[in-house]
Amino acid sequence: MQYIQLNNGVRMPIIGYGVYLVDPSVTERCVMDALSVGYRSLDTAQYYENEAMVGAAVRKSGIPRNEFFITSKLCLSRPSYQRAKENVKGSLQRMRLDYLDLMLIHWPMGNDGEIWAAFEDLVKEGCLRSIGVSNFYPEQFDLLVRNASIIPVVNQIETHVFYQQRPMVAKMAEAGTAVESWGPLAEGLNGIFTNPVLTEVGAAHGKTAAQVALRFLTQQGIIVIPKSVHRERMIQNLDTLDFDLSDEEMEAVRGLDTGHNLEGWPSDALSYNPQDYRR
Ligand SMILES: NC(=O)c1ccc[n+]([C@@H]2O[C@H](COP(=O)([O-])OP(=O)(O)OC[C@H]3O[C@@H](n4cnc5c(N)ncnc54)[C@H](OP(=O)(O)O)[C@@H]3O)[C@@H](O)[C@H]2O)c1
């Protein structure tokens, strides 16, 4: 595994396993499969309603807690400092964990300064090792860091070959915040798995289109958390760090950028109400 050193010195695996839309009834089995093939970084969220099953798999695995990197995300209506603190402790209780490696604000919620202050205090209390944001675009990001003592370690944003987010990647590099891609396989949309450019580049390395799409991101230092309920695909997605794309191949994949997010997702976080976009 390769790691990204976050701005607080913590090392985060560059490939993790995401569980969005993994049905709670199969989440424990899927996470056990993911752990058995080598994943140690897990990405869940309160909104996914499967935190408890992720925590159950972690305990059942018998793998020492300090070998994991576990992320969840806060979702809160009417945010306040106190409610944010209680809400994070709710995640810890559901997962039956003493701490999380990373807690994110899932999307800008309108009172993010108070949530952030609660997160910062939870770091001091030892409940959270690292804190970050998700779906924060320049305006919300700048607003948050203006009064922050801790700079977000990551910003988890939609990033894939069809929506490469070059301006955000540059902005985050300047801020010292790592980019974590959600939807690194474009959620399986736009014909990604049979895309001719990705397929041709993959053929030169004995890899699939999916593997090229993931390597294109990790080669730029972008963290990925692909989701699959299939063990063989989990293996395939993890087996993506043993080859490098040449400059010409990177350029060819850069040419797939449409500059647009996936159909069905909002184009900016200001209009983000996940209830409207749940698949
Ligand atoms: N912060 C946010 O707002 C946000 C939003 C969305 C997602 N996320 C996080 O990011 C993670 C990943 O994003 P995502 O789940 O939306 O989409 P994704 O990982 O880009 O794509 C998942 C889709 O690709 C298929 N797939 C996976 N590996 C494959 C392979 N090697 N070959 C062929 N098909 C493959 C999966 O099908 P099968 O399962 O059937 O294999 C599924 O349909 C989520 O699980 C979640 O943790 C965060």
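Scoring rules and cut-offs
- Residues numbered from 1 in each chain as written.
- Predicted model: local features only at pLDDT ≥ 70, side-chain atom pairs only at ≥ 80, totals over all residues.
- Heavy atoms only, no water.
- Core = buried A, V, L, I, M, F, W, Y, C linked by side-chain atoms within 4.5 Å.
- Buried < 20%, exposed > 50% of the residue type's maximum accessible area, 1.4 Å probe, protein only.
- Helix = DSSP H or I, 4+ residues; strand = E, 2+ residues; numbered from the N terminus.
- Phe/Tyr/Trp six-rings, centres within 6.5 Å; stacked < 30°, edge-to-face > 60°.
- Lys NZ or Arg CZ within 6 Å of the ring centre and 35° of its normal.
- Contact = heavy atoms within 4.5 Å.
- Polar contact = N/O pair within 3.5 Å; in protein donor to acceptor, adjacent residues only side chain to side chain.

A. Spotlight on the nonpolar core. By size, the foremost hydrophobic cluster in this structure holds 88 residues, and its most contacted members are Y17 and F119. Top element by residues in this core is helix α8 (residues 209-218). It accounts for seven residues.

B. Here's a closer look at the packing of aromatic side chains. In this structure the tally under the stated criterion is five aromatic pairs. Pairing Y47 with W107 gives two aromatic rings, centres 5.8 Å apart and planes at 85°, and the pair type is edge-to-face. In this pair, Y47 sits in the loop between β4 (41-43) and α2 (51-61) while W107 sits in the loop between β6 (102-105) and α4 (112-124), placing the two residues 60 residues apart along the sequence. Like Y47, the residue W107 is buried in the burial classification. Three or more aromatic residues joined by ring pairs make a cluster, and in this case those are Y20, Y47, Y48 and W107. Over the ring of Y99 we find R65, and its NZ or CZ is 3.9 Å from the ring centre.

C. Highlighting the environment of S181. With respect to the helices and strands, S181 occurs in strand β9 (residues 178-182). Apart from the residues within four sequence positions on either side, S181 is in contact with I157, T159, L217, I222, I223, V224 and I225. Reaching out from S181, the side chain makes a polar contact with the backbone oxygen of T159 at a distance of 2.8 Å.

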